[in-house]
Amino acid sequence: MQVLYAYHHRDDLDLKRGEEELTISLSKTYDLYLHFLNLIPELTHLHCELLEQRKKRLLPTEEDLKPNMRLAENRLAKVIDNSVLLAEWAENSGLSWWENRELMRLLLDKIMTSELYLNYRNAEATGFMADRTFWAEAFKTLIANDDDLAEYLESKSIYWYSELNCLEKIECEEMPEWEAIETQIDQAKNEGNYQGVPNAGGAVQIVKDFVEKTIKRITSKTADKALMPMFRDEEDRTFARTLVHMTLLEHDRWQKLIRAHLSDSWEAERVADVDMLIMEMAVCEMVHCPDIATGVTINEYIELAKSYSTPKSHPFINGVLDAVAQELKQTGTILKV
């Protein structure tokens, strides 16, 4: 979706360049997915390194000499560390968490001082399931939404944190023109009252969700079978390209269909760019993907709106898409449920 958003906000992006950007964006997003998974064994290696350093202190304590080894010997981390696919990816991508050792140390300290770790360390239950559950919870509650990690991602790649992942909020009695919004945002920045808050959703959050699902699928024998491919098959790859291509190519057609079902009190100019883009993509999928049921398409883009837009957007988008779908069926444009 970032590619389509950029197309409408950048003068230098034509259709061919847009498709190239899609390929790059998908590749970078997949890199992030694998990079996150690789963080688990890398943090474990750092933990082991620190344990060895403590043993070499001038006056080591009993705990330094005989530390608790639950985290150091975590079975899930070892399985991920032995992944052939992850090792190949790491070598080819050149991405490594060790280039930001300070961030790794901050994340590890956060884990080690957490109640989650304390309970894990002292728990009677051992084995792979307990080890996997610990890292699944640690990633979800301690790592995924860490502010320092977010700053690292933003600095590392524009594809990992884009303008779609920040909501600029201002208070106003009624919806002003966009120029007025920009003026108020600039004024807030000058007065030191500006606040840009990270969106709870967005591409990065979706990747994090996939990481959590992958962790829960890893078995005690291998991580490779649990890894999600960038595309399930060639048909999946073609679908992504077609969706971008046809959404851009028939932009005016989708706009006309959507505008016809906006209420008198909600003109097209008042619809947020992201909301309009989500609806355009959905209508494009309805028309050009005959094998995907209309209800499935609408539900997919409602979920997308929940990730990328405001809490009030998805009911609005749901209503418009449902009305457009009914029109497409009545006119015979689409012949599916």
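Residues numbered from 1 in each chain as written. Predicted model: local features only at pLDDT ≥ 70, side-chain atom pairs only at ≥ 80, totals over all residues. Heavy atoms only, no water.

A. Quick look at the nonpolar core. Counting residues in hydrophobic clusters, the biggest one holds 47 residues, and the most contacted among them are Phe-36, Leu-43 and Trp-135. At the level of secondary structure, the elements contributing two or more residues to this core comprise helix H2 (15-55), helix H4 (75-81), helix H5 (84-93), helix H6 (101-112), helix H7 (115-122), helix H8 (128-143), helix H9 (147-156) and helix H11 (203-217). Per element, the largest residue contribution to this core is 10 residues, and it comes from H2. With near-sequence residues (within four places) excluded, Phe-36 lies in contact with Trp-97, Phe-139, Leu-149, Leu-153, Val-207, Lys-208 and Val-211. Val-283, Leu-304, Ala-305 and Leu-321 belong to the second largest nonpolar core, which has 31 residues in total. (Core = buried A, V, L, I, M, F, W, Y, C linked by side-chain atoms within 4.5 Å. Buried < 20%, exposed > 50% of the residue type's maximum accessible area, 1.4 Å probe, protein only. Helix = DSSP H or I, 4+ residues; strand = E, 2+ residues; numbered from the N terminus. Contact = heavy atoms within 4.5 Å.)

B. Structural detail: the pattern of salt bridges. Counting across every chain of the model gives 11 salt bridges. With a shortest N-O distance of 3.1 Å, Arg-57 and Asp-64 are connected by a salt bridge. Arg-57 sits in the partly exposed class, given a relative accessible area of 45%. Classification of Asp-64 as buried rests on a relative accessible area of 8%. (Salt bridge = Lys/Arg side-chain N within 4 Å of Asp/Glu carboxyl O.)

C. Geometry of helix H14 (residues 273-288). The end-to-end C-alpha distance of H14, which contains 16 residues, comes to 22 Å, matching closely the 22 Å that a straight helix rising 1.5 Å per residue would cover. A large share of H14 lies buried, amounting to 14 of its 16 residues. (Expected span 1.5 Å × (residues − 1).)

None of the figures reported here should be taken as evidence of function without further support.
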